[in-house]
Structure formats: structure tokens, C-alpha cells
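Working through the structure, step by step
This is what each chain is made of:
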Amino acid sequence: MFTAPSASSAIRAALFTLLTFGALTACTAPAERAPGVGEAADEASIDDADEDTVARATPAAYAHGDPHSAARPDQIAIRHLTLDLTADFDAQVLRGRASLTLDRRDPSADVLHLDTRDLDIVRVRLDDASDDAPYTLDPPDPRLGRALHVPVGPDVEIVHVDYATRPEAAALQWLTPAQADSEAPFLFSQSQAILARTWVPCQDTPAVRMTYDATVRVPPGLLAVMSAENPVAPTADGVYTFRMPQAIPSYLLAIAAGDLRFQSMGARTGVYAGPKVVEMAAWEFAETEAMIEQTEALYGPYRWGRFDVLVLPPSFPFGGMENPRLTFATPTILARDRSLVALIAHELAHSWSGNLVTNATWDDFWLNEGFTVYLERRIMEAVKGGPYAEMLAQLGMQDLRATVADLDADGQRRDTWLHLNLAGRDPDDGMTDVAYEKGYFLLRALEEAVGRERFDVWLQGYFDRYAFQSLDTATFVDDLRTHLLADTPAAEAVDIDAWIYGPGLPPQTPRVASAAFAQVDAARTRWLESEAIAPTGVPWDDWSTHERLHFLRGLPDAIDAARMAALDATFTLSDTGNSELRHAWLHHVIRNDYAPGYPSLEAFLGGMGRRKFVAPLFERLVETPAGLARAQALYARFRPGYHAVTQGTVDALLASASADSE
């Protein structure tokens, strides 16, 4: 997932893509499963980690709780979750039961603490008892929801919670056929960061890992999938069973259902998508198997069985979400030339950094994303070459410097630390380029200090030592000092504390220099300094998407109408199907009030809901009174088609802008 810099820290912190979703008992034959999925594959996956570690590991450093969760995993944690759910598309709710198997860590503990938000609790029962059990719900908190407290005796092993979601559940988006551009309705979830509690009563903290299984009922004809072992074809009765044998945190719970097709891409890779795009998506992501092989060669085995990709409807609010076994992806990366597949590399990298080794709290979010960006660029270097990866790094540095400058200007310098303090705040506030890019450049600085070979040995060992565990920043620092820095004098040049517990960019930040970008800069300068209106001397057709994006980012804020028209006509920017280029171009359209570009802006904002693109464009619009009026009119039309994650960001943006204009 990727971030987008903006002029307001409160808004920019939310501009993150970088970045998914009857009867209580019934018998059904297992649906057809994806190739390679079966008992042998499952056993091989489990064998990669100690079985007790997979289910239980929770370092004592965060055992006293997560400020964003009511859970007390130091007392009682959830070991396993069983879901039995029915999707009611007419009412836009999930109904059913969550059965939670307890892991007692404190023998004296007698209350299970769960997170819920906007859930209607029907009843609670313990083990096989037929009588309802008592429970209490805290008063609602708009961000954290209502903690659910269930007294449990010393012999209780399983707590059953019968419940229903509400139509406004923030994790879930229910799309009509028209909204899904399909013949059928569509449902998908996005649980990160703390939205799993809006569709499952759970311990909604990355500190708790659990295995799960599920039975899900959807209307016949629809295919249901989860972050688990998945079917590849619809069942006749719409009933599906799922199993996730590796322990995962709650934010990786995911569900989707719709008119989906499956197409294999390799022995352990495939794509799910609507019938209109599945073949194109399979072609676009054809390098996925090679990416897995390259990552395994660097950092050890892929431990999740399969890596499939689900291409969601355009309203999906992020670029991608790394749900294990089934990454959720935006259709905006279908550029028809494989130019945006770094996003797939990023989500794949999460199979090691994030899914395998997880941040303990959202204050430690950089441990997920900084490592993942580092792996992503190593993958792209292996697949596309060093110059390609260096272009990605330079674009990342541009984003990082803009984000740090914005945070400094808004008095949010503490948010430029890697280790954050998000107590009392929305975890999304920490999802900025700092976690991604500053985290990446710290790891790159370490690699440059100790040498790539030594760094890779440490990094693979890091993934092995903490496989299927959650850890905090202090544990990372201890491991780094013990296993990498102790015997490497050159590493003293990297001030770890300054990187993690200090603001901005330390003096030893690695330098990035793309020779390709230098040529782009020269071509842009020649055109801007010439008297020519049309950019005929710019070798656009010879450039990659990254070079084109760098060209557009480097244009001045003020461009006269004639040159805007020449750019548009020469490079068909208002009509490009490449979402990254179109987004960069539309910023210039708004800045320069380029009227011929407004139909493209309207179509872009109305055609997808990816927050990385939507929010910055609305933010650009509200900079002027006329733009604010245009933003309000457009948002009134398009808001119903956006996911709650995107709605929340733009709601706040327009409310703030409207208040400032009064």
C-alpha cells in the first residue's frame, strides 16, 4: 500500500492506500479447491513453524494491552475462531455465530474481553450449554466501539457469540450490481486497522494471532472467498467452507462474495475477478510466480500455501490489502502494460513482513510497512533490474520529503518518528509515508553499512526467529543489536535511535540517484526553457511509467493554458488508462483551472474509490472557493459509491474546508 502527501497532516495521515472483507449448523460438501490445496500442502505450511508458536506467541512487551483494543491477551487470548455466517444482501448484514476457543494465560483470569463496534449481540453461550450466559457491553466509543465482557469459569473452553452486523459496518461494503459493474451484487471487507470488530466480535489487536475456519452462506450463483483456503468455482447452494491453519491477527480477516471467476497463473498463484477483467488481470499479474521464487531465494520459504489475488470493484479504498492467501487489489493497477505491478510485489512481500512477522501495536506499524517496502524493491530489482528499483526509491524519497515537510509545517513533528504514540487517536493517523519510506531507508542504510550479503543473512534469520509472532519496536532493536550490529563496526554509522525515536531524516539517510530520472529532468528543462509550446522533444514513448510520472511531478505549479493543452494533446493525459499518470495530471488540471480537463477529473473521481487518488484530488479542489463548490457537488454525487474508509477521509476534509470558508 502507498501513501500520498498532502498539505494537511490530519488529512494526509488518512491518505493511505497503501493498504479488504441462515442456519447456524448445516452440512455441505467441500467446494472445489484451488490447485495445490489439500492436506499435504496444509501440513507443509504448518511444518514451517513450531505449532505452539503459531497459535500462542505473544511477547511480554505488549502483554498489558493495546490502546486500540479492550483485549487482555496476557489473561485470556483467542486461540481459534469458528465463524458461521449468512450474508443477507437485501438487508446488507451478516448474521451468525462466532465461536472463540480460549487460550488461558493467567489461570486466575475469569473474564474474556472482546472488541465490537456496531454489532447487535443476540446471545452468548459457553461451551455446550443451552442456557444464555451473562455479558456486558461498555458504552459506545465512536472509534473503538463497545467492549464486550464475558465472565468465564475456569473450565470454559469456547465462547459462542450470536450476532448480526449492521448496514453501516465500516469494514463491509455492499454493492448493488450497478455499483459493482456486474450482473450480481458484491460484498467485500477491509479490516485493517481496527475494523475487524465491525463484522466479527474478536480481540482486534495485532498482538493476538488465531487460526480460523468458517462456513459462509451467500445467494446461489455467487462465489464466496476469504483470507483462507478458497474454492475456485461456485457451489450449487451458495454454501462455502474455509480453513486458515496458520495463525493470523484480526486485521487480516477478510471476506468477499460476488460474480467471480478464477484463473490460474502458476502452481500456487491465481487471480479471482469479475468475468470482464479476469483474463486481463491474469496477464497483468503473470510475473507473480517469479516474484515468489525470487523472494524465497532471498528470505526463505513462502509459508502460506498459495498466493492468489482478488481484483475488487473500483470502490475498494486501497491499492492492495495483504490478506494471507488472497491479496485484495484495486482495479486501478490494471494498466494493460504491467507497469504498476510493484503493488503486487508489495503485497507479496507482506507474506514475510507483516503477515509472518507482525507489528505488536499500531505504534509499531513501521515494522510492517518499512520492511515490506524494502522487500518490494528487492523483488522488483530481481525481476526488473537495479535501475527500475532505484526509480521506485527516488519516487519514494520524493513522497517522504513532502510528508515530513507537511508534518513539520503542521506541528506534527512527533509523527515523523518511526515509533509512534497513537493512544487516543485513530491508527490510520500513523499510516503515512514515514512508516513506509523512512522505514525503508533505515533498512537500506543498514544494508549499505554492513553489506548486502550480511544484511540478507540477518533479515532471513529475523523472519525465522519471529515467524508467526507479533513484536514491538524495542524487540526489533534488541534483535538488531544482538544479531547484526554487535560484530560490525561499520554499523556504528547508523544512529538507530535517531532513526526510530527522532524526527525527520537523519544525516546518514541514503542517497538515491536514478540516471533515468536525470535524463527526464533534462528533457523537462529543455522544453520549459524553450519557446516551443508542444513538448515534441520529450521522448515520452521511450519512457516507463515511472519516468513519465517523474516528468509530471517535476512540472511547475503554474502552467499556461497553451502548454497545458499541448501536454494533454501530445500525451493524451486526460484519457490515459494509467491511474498513476492520470492522477498526477489531474493535480495540474485543478491547479491551473484547465477546463478541458474537468470531464476527466469527474470521470476519474466517479469511476473508483481508491483513497490514495480520491482524497488528494478533493483536497486540491478545496484550495479555492470555486474548487470547494465543485468538490461539494461532485462528492454529493459520488459519495454513495465510496467505501466507508474513503468516505470518512473526504467527509472530514470537506467539513474542515467548509468551516474555514465561513
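For clarity, every value in this text was computed on a predicted model and none was experimentally measured.

**Section: the environment of alanine 629**
- Mapped onto the fold, alanine 629 is located in helix H20 (residues 625-638).
- Relative accessible area serves as the criterion here: at 43%, alanine 629 is assigned to the partly exposed category.
- Along the backbone, alanine 629 and aspartate 213 are 416 residues apart, and their C-alpha atoms lie at a distance of 49 Å.

**Overview of the packing of aromatic side chains**
- By the definition in use, this model includes 36 aromatic pairs.
- With a centroid separation of 6.0 Å and an interplanar angle of 50°, the aromatic rings of tryptophan 362 and phenylalanine 365 are classed as tilted. With respect to class, tryptophan 362 is no different from phenylalanine 365; both count as buried.
- Measuring from centroid to centroid gives 6.4 Å for phenylalanine 551 and phenylalanine 571, while their planes differ by 90°, and the two rings are edge-to-face.

**Re the sheet that holds strand S15 (residues 269-273)**
- In spatial order, the strands read S14-S15-S16-S18-S17; together these 5 strands make up an open sheet with mixed pairing. Taken across any chain shown, the strands that pair with only one partner, and hence form the sheet edges, are strand S14 (261-266) and strand S17 (320-321).
- Inspection of the sheet shows S15 paired to strand S16 (residues 307-311) by 4 bridges, in the parallel sense. In the sheet register, tyrosine 272 faces S16, and the bridge partner there is leucine 310.
- Taken strand by strand, helix H6 (residues 288-299) contacts S14, S15 and S16, and its axis lies near 135° from that of S15.

**Some points on the side chain of glutamate 287**
- Along the chain, glutamate 287 turns up in the loop between helix H5 (278-284) and H6.
- A polar side-chain atom of glutamate 287 sits 3.4 Å from a polar atom in the side chain of lysine 384.
- With sequence-adjacent residues up to four places away left out, glutamate 287 is seen in contact with Val341, Val383 and Lys384.

**A look at the nonpolar core**
- With 206 residues, the main nonpolar core has Trp199, Tyr462, Phe476 and Phe551 as its most contacted residues.
- Per-element tally for this core: the top contributor is helix H10 (residues 433-450), with 10 residues.

Thresholds applied
- Residues numbered from 1 in each chain as written.
- Predicted model: local features only at pLDDT ≥ 70, side-chain atom pairs only at ≥ 80, totals over all residues.
- Heavy atoms only, no water.
- Helix = DSSP H or I, 4+ residues; strand = E, 2+ residues; numbered from the N terminus.
- Buried < 20%, exposed > 50% of the residue type's maximum accessible area, 1.4 Å probe, protein only.
- Phe/Tyr/Trp six-rings, centres within 6.5 Å; stacked < 30°, edge-to-face > 60°.
- Pairing = 2+ DSSP bridges.
- Contact = heavy atoms within 4.5 Å.
- Axes fitted to C-alpha atoms, helices over the stretch in contact; angles between N-to-C directions.
- Polar contact = N/O pair within 3.5 Å; in protein donor to acceptor, adjacent residues only side chain to side chain.
- Core = buried A, V, L, I, M, F, W, Y, C linked by side-chain atoms within 4.5 Å.

The quantities given are spatial measurements derived from coordinates; they are silent on function.
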